[in-house]
Amino acid sequence: MILRGEVYDVDLGQPVGHEPAHRRPAVVVSADVVSNSVGGLVAVVPITSRSYGLRSHVELDSGESGLAHGSFARCDQLRFVAVQRLHRRRGAASVTEVADIDTALRFVLDL
């Protein structure tokens, strides 16, 4: 069962342009019913350790997220990937962090 807010290592493949790539942590942002449906796709937001000071980046604490240090969810890099690209589950973002990700996604998608 893949749950919204969980942090996984995700294989994002080879980069094109400024895309995040290779295996890196990412937060699941799709609804549980979508992530676990027969479609086999899940929406993720890649995580980086670099701060760019952008409104679309949400700070994540280490600890429950399973990250080794404070990091940033790059909501401006939203991706849908096959569930087979999800590897090791690291942990989960906090309720507050997921709410902040929701706010950043609304900003990025103009919702």
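Above this note sits the structure.
Predicted, not measured: the structure shown is a model, and the values here were computed from it. (Residues numbered from 1 in each chain as written. Predicted model: local features only at pLDDT ≥ 70, side-chain atom pairs only at ≥ 80, totals over all residues. Heavy atoms only, no water.)

### Brief notes about the overall build of the protein chain
Stage number 1. Scanning the protein chain from N- to C-terminus turns up 2 helices and 7 strands.
Stage number 2. Along its sequence from the N terminus, the protein chain presents helices and strands in the succession β-β-α-β-β-β-β-β-α.
Stage number 3. The C-alpha atoms of the protein chain give a radius of gyration of 13 Å, which matches the 13 Å a tight globule of 111 residues would have.
Stage number 4. Reported as C-alpha extents along the three principal axes, the dimensions of the protein chain are approximately 35 × 30 × 30 Å.
Stage number 5. Counting only residues that meet the buried cut, the protein chain has 42% of its 111 residues in that class.
Stage number 6. Excluding contacts between residues fewer than 6 apart, the proportion of contacts in the protein chain whose partners are at least 24 apart in sequence is 59%.
Stage number 7. If you sum the accessible surface of the protein chain, you get close to 6200 Å²; carbon and sulfur atoms cover 52% of it. (Helix = DSSP H or I, 4+ residues; strand = E, 2+ residues; numbered from the N terminus. Rg over C-alpha atoms; globule rule 2.2 N^0.38 Å. Buried < 20%, exposed > 50% of the residue type's maximum accessible area, 1.4 Å probe, protein only. Contact = heavy atoms within 4.5 Å. Areas by Shrake-Rupley, 256 points an atom, 1.4 Å probe, with all protein chains shown as cover.)

### Some details on the nonpolar core
Stage number 1. Counting 16 residues, the largest nonpolar core has Val27, Val29, Leu60, Cys75 and Ile101 as the members making the most contacts within it.
Stage number 2. Going through the elements one at a time, β3 (41-48), β4 (57-60) and α2 (95-109) are the ones with two or more residues in this core.
Stage number 3. The biggest single contributor to this core is α2, with 4 residues.
Stage number 4. Apart from the residues lying within four places of it in its own chain, the contact partners of valine 27 are Gly5, Glu6, Val7, Ala43, Val44, Val45, Ile47, Leu60 and Ile101.
Stage number 5. In terms of nonpolar packing, the next biggest core, distinct from the first, is built from 10 residues, Leu12, Val28, Val42 and Val81 among them. (Core = buried A, V, L, I, M, F, W, Y, C linked by side-chain atoms within 4.5 Å.)

### Let's talk about the pattern of salt bridges
Stage number 1. Counted according to the given criterion, the structure contains 5 salt bridges.
Stage number 2. Across the pair aspartate 9 and arginine 88 runs a salt bridge whose closest N-O atoms are separated by 3.3 Å. Pair noted here: aspartate 9 is in strand β1 (residues 6-11) and arginine 88 is in strand β7 (residues 86-92), with a separation of 79 residues, a long-range link.
Stage number 3. For arginine 88, a relative accessible area of 48% puts it in the partly exposed group.
Stage number 4. In this structure, aspartate 9 and arginine 90 form a salt bridge, with 2.6 Å as the shortest nitrogen-oxygen distance. With a gap of 81 residues between them, aspartate 9 in strand β1 and arginine 90 in strand β7 connect regions that are remote in the sequence.
Stage number 5. You can call arginine 90 partly exposed: its relative accessible area is 25%. (Salt bridge = Lys/Arg side-chain N within 4 Å of Asp/Glu carboxyl O.)

### Considerations on the side chain of serine 56
Stage number 1. With respect to the helices and strands, serine 56 occurs in the loop between β3 and β4.
Stage number 2. If sequence neighbours within four positions are ignored, serine 56 has contacts with Ala73, Arg74, Cys75, Asp76, Ala104 and Val108.

### Considering a nonpolar patch on the surface
Stage number 1. Taken together, the side chains of Val33, Val34, Leu41, Leu78, Phe80, Phe107, Val108, Leu109 and Leu111 define a hydrophobic patch exposed on the protein surface, amounting to about 840 Å² of accessible area.
Stage number 2. Those elements that provide at least two residues to the nonpolar patch are α1 (32-35) and α2.
Stage number 3. With 3 residues, α2 is the single largest residue contributor to the nonpolar patch.
Stage number 4. Structurally, valine 33 can be placed in helix α1. (Patch = residues over 30% accessible without salt bridge, like charges linked within 9 Å, V, L, I, M, F, W, Y side chains within 5 Å.)

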